[in-house]
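Here's the letter readout for the chains.
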Amino acid sequence: MPVGFIILSKLASGSENIKNSFLRVSISFAFLLLSLFLLSLEMVFFFVLIFLPSLSLFILFLIEIQSKKAIMNSIAVNLGHPWVEEEHDVNEAEVAYRSLEKWEVLPRKGRMKKNIEGKGLLIDDGNEELVFEISKLPLLLSFLREGNTQKIESEVIKWLNLALAIRDAQNHEEDEIESARIREDDEELDVARFWPETNPGELNVKPGAIFRKFSKGKK
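In this text the structure is predicted, and so the values were computed from the model without any measurement. (Residues numbered from 1 in each chain as written. Predicted model: local features only at pLDDT ≥ 70, side-chain atom pairs only at ≥ 80, totals over all residues. Heavy atoms only, no water.)

What about the overall build of the protein?
Check the secondary structure of the protein and you find 6 helices and 7 strands. Counting helices and strands in the order they occur from the N terminus, the protein gives β-α-α-β-β-β-β-β-β-α-α-α-α. Accessible area for the protein stands at about 16000 Å²; split by element, carbon and sulfur atoms hold 58% of it. (Helix = DSSP H or I, 4+ residues; strand = E, 2+ residues; numbered from the N terminus. Areas by Shrake-Rupley, 256 points an atom, 1.4 Å probe, with all protein chains shown as cover.)

Focus on the sheet that holds strand β4 (residues 103-105)
Across a sheet, paired strands are connected by hydrogen bonds in the backbone, their directions being either parallel or antiparallel. Ordered by their spatial adjacency, 4 strands build an open sheet running β1-β2-β3-β4, and the pairing between neighbours is antiparallel. This sheet does not close on itself; its edge strands, each paired only once, are β1 (5-7) and β4. Neighbour to neighbour, the strand axes of the sheet diverge by 30° on average, direction disregarded. (Pairing = 2+ DSSP bridges. Axes fitted to C-alpha atoms, helices over the stretch in contact; angles between N-to-C directions.)

Describing the sheet that holds strand β7 (residues 129-132)
Spatially, the 3 strands line up as an open sheet ordered β5-β6-β7, and their pairing is antiparallel. The sheet is open, and its two edges are formed by β5 (112-114) and β7, each paired on a single side. Looking at each pair of strands side by side, their axes are set apart by 35° on average, direction ignored.

Considering the packing of aromatic side chains
Scanning the model with the defined rule gives 4 aromatic pairs in all. Arranged with centres 5.7 Å apart and planes meeting at 40°, the rings of Phe 29 and Phe 58 form a pair that is tilted. Here Phe 58 lies in helix α2 (residues 44-72) and Phe 29 lies in helix α1 (residues 12-40), a separation of 29 residues in the sequence. Ring centres of Trp 83 and Trp 159 lie 6.1 Å apart, and the angle between their planes is 65°; on these two criteria the pair is classed as edge-to-face. Linking Trp 83 in the loop between β2 (75-78) and β3 (95-98) with Trp 159 in helix α4 (residues 146-170), this pair joins segments that are 76 residues apart in sequence. When the ring centre of Phe 61 is taken as reference, the NZ or CZ atom of Arg 24 above it lies at 5.8 Å. (Phe/Tyr/Trp six-rings, centres within 6.5 Å; stacked < 30°, edge-to-face > 60°. Lys NZ or Arg CZ within 6 Å of the ring centre and 35° of its normal.)

A word on the environment of Phe 45
With respect to the helices, strands and loops of the structure, Phe 45 is situated in helix α2. When its relative accessible area of 59% is taken as the criterion, Phe 45 is described as exposed. Sequence-wise, Phe 45 and Ser 35 are 10 residues apart; in three dimensions their C-alpha atoms are separated by 10.0 Å. (Buried < 20%, exposed > 50% of the residue type's maximum accessible area, 1.4 Å probe, protein only.)

Observations regarding the packing of α1 against α2
The geometry of a pair of packed helices is captured by two quantities: the angle between their axes and the separation between those axes. Running from N to C, α1 and α2 point in directions that differ by 160°, and their axes come no closer than 8 Å. Considered as vectors, α1 and α2 are oriented roughly antiparallel to each other. For the pair α1 and α2, the sense of crossing is left-handed. Its residues placed into classes, the contact of α1 with α2 shows 21 nonpolar, 6 polar and 4 charged. (Parallel < 35°, antiparallel > 145°, perpendicular 65-115°, else oblique. Left-handed = near helix turned anticlockwise from the far one by under 90°. Nonpolar A, V, L, I, M, F, W, Y, C, P; charged D, E, K, R; others polar.)

With respect to a negative patch on the surface
Taken together, the side chains of Glu 117, Asp 124, Glu 128 and Glu 129 make up a negatively charged region of the molecular surface. Along the chain, the position of Glu 129 falls in strand β7. (Patch = residues over 30% accessible without salt bridge, like charges linked within 9 Å, V, L, I, M, F, W, Y side chains within 5 Å. Salt bridge = Lys/Arg side-chain N within 4 Å of Asp/Glu carboxyl O. Lys, Arg positive; Asp, Glu negative; His and termini not counted. Charge placed at Lys NZ, Arg CZ, Asp CG, Glu CD.)

Observations concerning the nonpolar core
Counting 27 residues, the largest nonpolar core has Val 95, Tyr 97, Leu 106, Met 112 and Leu 160 as its most contacted members. Elements that contribute at least two residues to this core include exactly α1, α2, β2, β3, β6 (121-124) and α4. Ranked by the residues each element gives to this core, the list is headed by α4, at 6 residues. Setting aside residues no more than four positions away along its own chain, Leu 106 makes contact with Val 95, Ala 96, Tyr 97, Met 112, Phe 132, Leu 160, Leu 164 and Arg 167. Membership of the second largest hydrophobic core comes to 5 residues, among which are Phe 5, Ile 7, Ala 76 and Trp 103. (Core = buried A, V, L, I, M, F, W, Y, C linked by side-chain atoms within 4.5 Å. Contact = heavy atoms within 4.5 Å.)

Some thoughts on the pairing of β7
With 4 bridges connecting them, β6 and β7 associate as antiparallel partners. Bridged to Leu 121 within β7 is Phe 132. Between the end of β6 and the start of β7, which pair antiparallel, lie 4 residues, with Gly 126 showing a positive phi angle near 100°.

Comments concerning α2
Each turn of an α-helix holds 3.6 residues, which means side chains three or four residues apart point in the same direction. The terminal C-alpha atoms of α2 lie 41 Å apart, and with 29 residues this matches the ideal 42 Å at 1.5 Å per residue to within 8%. For α2, the full list of buried residues reads Phe 47, Ser 54, Phe 58, Phe 61, Ile 65, Ser 67, Lys 68, Ala 70, Ile 71 and Met 72. (Expected span 1.5 Å × (residues − 1).)

Now the structure itself:
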C-alpha cells in the first residue's frame, strides 16, 4: 500500500459496515448451534424447523461479509481524504485501488467504470484510458456464479467513484454538473420557456401513441 494511505476496512465507516454483517453471521450461527442442541434432545421437528433456515441465512451472510471485506480491503484513501476523521497536515486528497498486480494511486481526474472491451475496470483521466484488473476475490467468493462476481465489481465501482467525488470536492476540482449550472445562470443564455395560450375545453395537442393505445384498450 502507498505510504500515508489507509484501507477502508480500517476507517470508522468501513469497519462499521463489516461489523453489521459480522453480527448477522454470529446470530445465524447461534441458531445453528441451537438446532443441534435440540437434535441432541431428540426434538427432531424443531431441529428441522430451525436448522435449514439458519443454515441458508448463515451461508448468505457469510458470502455478504466476505464480499464487503473484499471491497473495503481493495480501496484506500490518503490522510488528506475527508473519510479520515483525524486531522493531518495533508491538504490534497487521493484515492488508491488494489488491482490484481499492485496498489495504484488513481489519476487526479476521471471516474471508474467497467471495461466493456475486456476484463477489469477502466478510468479515463482525459489524456489516456487506464485499465485495472480487479482484485483477487477470497476463496469462498471465487466459487460463486459470474453474476455474483459482477455484482461485487459493480459495488467496487460505486465505492471508488464515491471516494473520487469526495476527493475532488476536497481538492476543489471543477465539477461538470456545477459548471453546467453556472452556464444556465449566465444572463446571455436565454432559457425561457414559452407556453401556448389555452382555452378551457380545448385541446390543441395531438394525443399521440400513448393516448391511441389507451383508446384501443377501452374498445
